[in-house]
Amino acid sequence: MIMNKTDLLDVDVIEADIGTKLVGTRVLVYKSTASTNDIAWEYAANKANSGLAVFAESQSAGRGRHGNKWLSAPGQSVLLSILLKNFSCPAELITLAAAVATAKAISKVAALDRAAARIKWPNDIMLNGKKVAGILLESKVSSAGTDYVIGIGINCRQPKEFFDETNLQMPATSIDMESGKVTARNLLARELLICLDEWIVAAKDAPDTIIESWQQLSCQLGSRLTVQCDQQLFSGNCIGIDPTKGLIMQLDSGTVRMFDAAHTTVVKDE
Ligand code: BT5
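Residues numbered from 1 in each chain as written. Predicted model: local features only at pLDDT ≥ 70, side-chain atom pairs only at ≥ 80, totals over all residues. Heavy atoms only, no water.

### Points about the site of the ligand
Next up, step 1: Near the ligand, the surroundings consist of 29 residues, among which Ser35, Arg63, Arg65, Asn68 and Lys131 are the closest.
Next up, step 2: A distance of 2.7 Å separates an oxygen atom of the ligand from a polar atom in the side chain of asparagine 68.
Next up, step 3: In the model, an oxygen atom of the ligand is placed 3.1 Å from a nitrogen or oxygen of the asparagine 123 side chain.
Next up, step 4: Considering the ligand on its own, with 790 Å² of exposed area, one finds that the protein chains cover 96% of that surface.
Next up, step 5: At the level of elements, helix H2 (36–42), strand E3 (77–84), strand E6 (130–142) and strand E7 (145–155) are the ones that each hand at least two residues to the shell around the ligand. (Near = heavy atom within 4 Å. Polar contact = N/O pair within 3.5 Å; in protein donor to acceptor, adjacent residues only side chain to side chain. Areas by Shrake-Rupley, 256 points an atom, 1.4 Å probe, with all protein chains shown as cover. Helix = DSSP H or I, 4+ residues; strand = E, 2+ residues; numbered from the N terminus.)

Structure follows, in structure tokens:
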């Protein structure tokens, strides 16, 4: 892919009059790095850096959950990490807030005629049933409180061939593939910061609004699922989400049980 200068992420465009309160207090764009999450953690020593947003055009060691890899090629994604210092909010709720924000930002910026972005619990964003973005929340606890780094990877400009050559856990796509248009990455990066700011503030002040939005955006609510938790399989209907305890399922046995994101993987959606 040939890229000209206007295709590149530009700090001035992303942060111009952005007006966010918590997120994007300072914006950095790296040409390449191992992982934007690592860069955000390097800034964690100073509490003045809370809200820092780190973007990169390319990552050599992008990571997902449980040691998974996050794949990207230079200039094709939005790769972002946000540092939140001493942030008193449950991790489950921050992941939900980041998922709602990412889905809303994609739907707002992408020229999509059909189904807008949906959330697949706990951390996948889907377009037309295929994964377009993923979220990785990392935390460090100290005597001063809990610091978080929220990592978000969004596939924007990838052609179909990018995914043909990979062996991914679930079908994947890019915004360009679904819209048939060229995604304006600077606009998406900016909108992502605005949406994250709104929903991270809500995670603290109005968690109910996050649950409500998750319900509207979920592609699993009301569906039959099989999940694996601590080496055991459980099947049933997804009946909701709990802000701190995770996915709520009515199991085939009739029991209602919650599954937390740290120990649970959805192995089958029907
Ligand atoms: C995630 O993990 O989906 C979280 C991904 C977070 C990536 C961002 S990029 C900026 C920041 N810096 C980082 O180093 N990471 C964050 P998980 O649920 O574990 O899903 C990972 C799985 O998704 C992999 O094992 C693959 O099967 C699949 N995968 C990898 N790259 C993909 C891509 N580009 N699009 C769709 N699926 C992908």
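After presenting the structure, the write-up continues.
### Some words on the pattern of salt bridges
Next up, step 1: Going through the model one piece at a time under the given rule, you end up with 11 salt bridges.
Next up, step 2: Between aspartate 124 and lysine 131 there is a salt bridge, with its nearest N and O atoms 2.7 Å apart. Note on accessibility: aspartate 124 and lysine 131 belong to one class, buried.
Next up, step 3: With a shortest N-O distance of 3.2 Å, glutamate 178 and lysine 130 are connected by a salt bridge. You can see glutamate 178 sitting in helix H5 (residues 175–179) and its partner lysine 130 sitting in strand E6, a full 48 residues away along the chain. (Salt bridge = Lys/Arg side-chain N within 4 Å of Asp/Glu carboxyl O. Buried < 20%, exposed > 50% of the residue type's maximum accessible area, 1.4 Å probe, protein only.)

### Overview of helix H7 (residues 207–217)
Next up, step 1: Within H7, burial applies to Ile210, Ile211, Ser213, Trp214 and Leu217. Considered in projection along H7, the buried side chains sweep an arc of 165° and stay on one side of the axis. Along H7, the residues that are exposed and aim more than 90 degrees away from the buried face are Asp208 and Gln216.
Next up, step 2: Check the buried side of H7 and you find it contacts helix H3 (91–109), strand E4 (118–120), helix H6 (185–205), strand E9 (232–242) and strand E10 (246–251). (Arc of directions from axis to C-beta. Contact = heavy atoms within 4.5 Å.)

### Digging into the nonpolar core
One broad trend across soluble globular proteins is that nonpolar side chains are buried collectively.
Next up, step 1: Phe55, Ile106, Ile125, Ile154, Leu193 and Leu247 are the most contacted members of the largest nonpolar core, which has 66 residues in total.
Next up, step 2: Residues Leu28, Ala40, Leu52 and Leu83 belong to the second largest nonpolar core, which totals 9 residues. (Core = buried A, V, L, I, M, F, W, Y, C linked by side-chain atoms within 4.5 Å.)

### Section: the packing of aromatic side chains
Next up, step 1: The final tally for this structure, using the stated rule, is 2 aromatic pairs.
Next up, step 2: Geometry around tryptophan 41 places lysine 140 over its ring, the cationic atom sitting 4.3 Å from the centre.
Next up, step 3: The side chain of arginine 257 reaches across the aromatic face of phenylalanine 234, ending 4.6 Å from its centre. (Phe/Tyr/Trp six-rings, centres within 6.5 Å; stacked < 30°, edge-to-face > 60°. Lys NZ or Arg CZ within 6 Å of the ring centre and 35° of its normal.)

### Remarks on the pairing of strand E11 (residues 256–259)
Next up, step 1: Bridge analysis of E10 against E11 gives 4 bridges, and the strand direction is antiparallel. The partner of glutamine 250 across the bridge, within E11, is valine 256.
Next up, step 2: Here E10 folds back onto E11 in antiparallel fashion, the turn holding 4 residues, of which glycine 254 has a positive phi close to 100°. (Pairing = 2+ DSSP bridges.)

### A word on unusual backbone geometry
Next up, step 1: With omega at 0°, the peptide bond leading from tryptophan 121 into proline 122 counts as cis.
Next up, step 2: Checked against the element boundaries, proline 122 lands in the loop between E4 and strand E5 (124–127).
Next up, step 3: The backbone of aspartate 17 sits at a positive phi, close to 45°, despite the residue not being glycine.
Next up, step 4: On the secondary structure map, aspartate 17 appears in the loop between helix H1 (11–15) and strand E1 (26–33).
Next up, step 5: Under the relative-accessibility criterion, aspartate 17 is labelled exposed at 77%.
Next up, step 6: Of note in this structure, asparagine 128 is not a glycine but carries a positive phi near 50°.

### Quick notes on H3
Next up, step 1: Here H3 is 19 residues long and its end C-alpha atoms lie 27 Å apart, about the 27 Å a rise of 1.5 Å per residue gives.
Next up, step 2: A large share of H3 lies buried, amounting to 14 of its 19 residues. (Expected span 1.5 Å × (residues − 1).)

### A closer look at the sheet that holds E4
Next up, step 1: Pairing is mixed in the open sheet, where 7 strands are placed in the order E1-E2-E3-E7-E6-E5-E4. This sheet does not close on itself; its edge strands, each paired only once, are E1 and E4. Here the strands of the sheet are splayed against their neighbours by 20° on average, with no regard to which way each runs.
Next up, step 2: As judged from the 4 bridges shared by strand E2 (residues 52–59) and E3, these two strands associate in the antiparallel manner. (Axes fitted to C-alpha atoms, helices over the stretch in contact; angles between N-to-C directions.)

Fair warning: the whole summary comes from geometry, so function is off the table for now.
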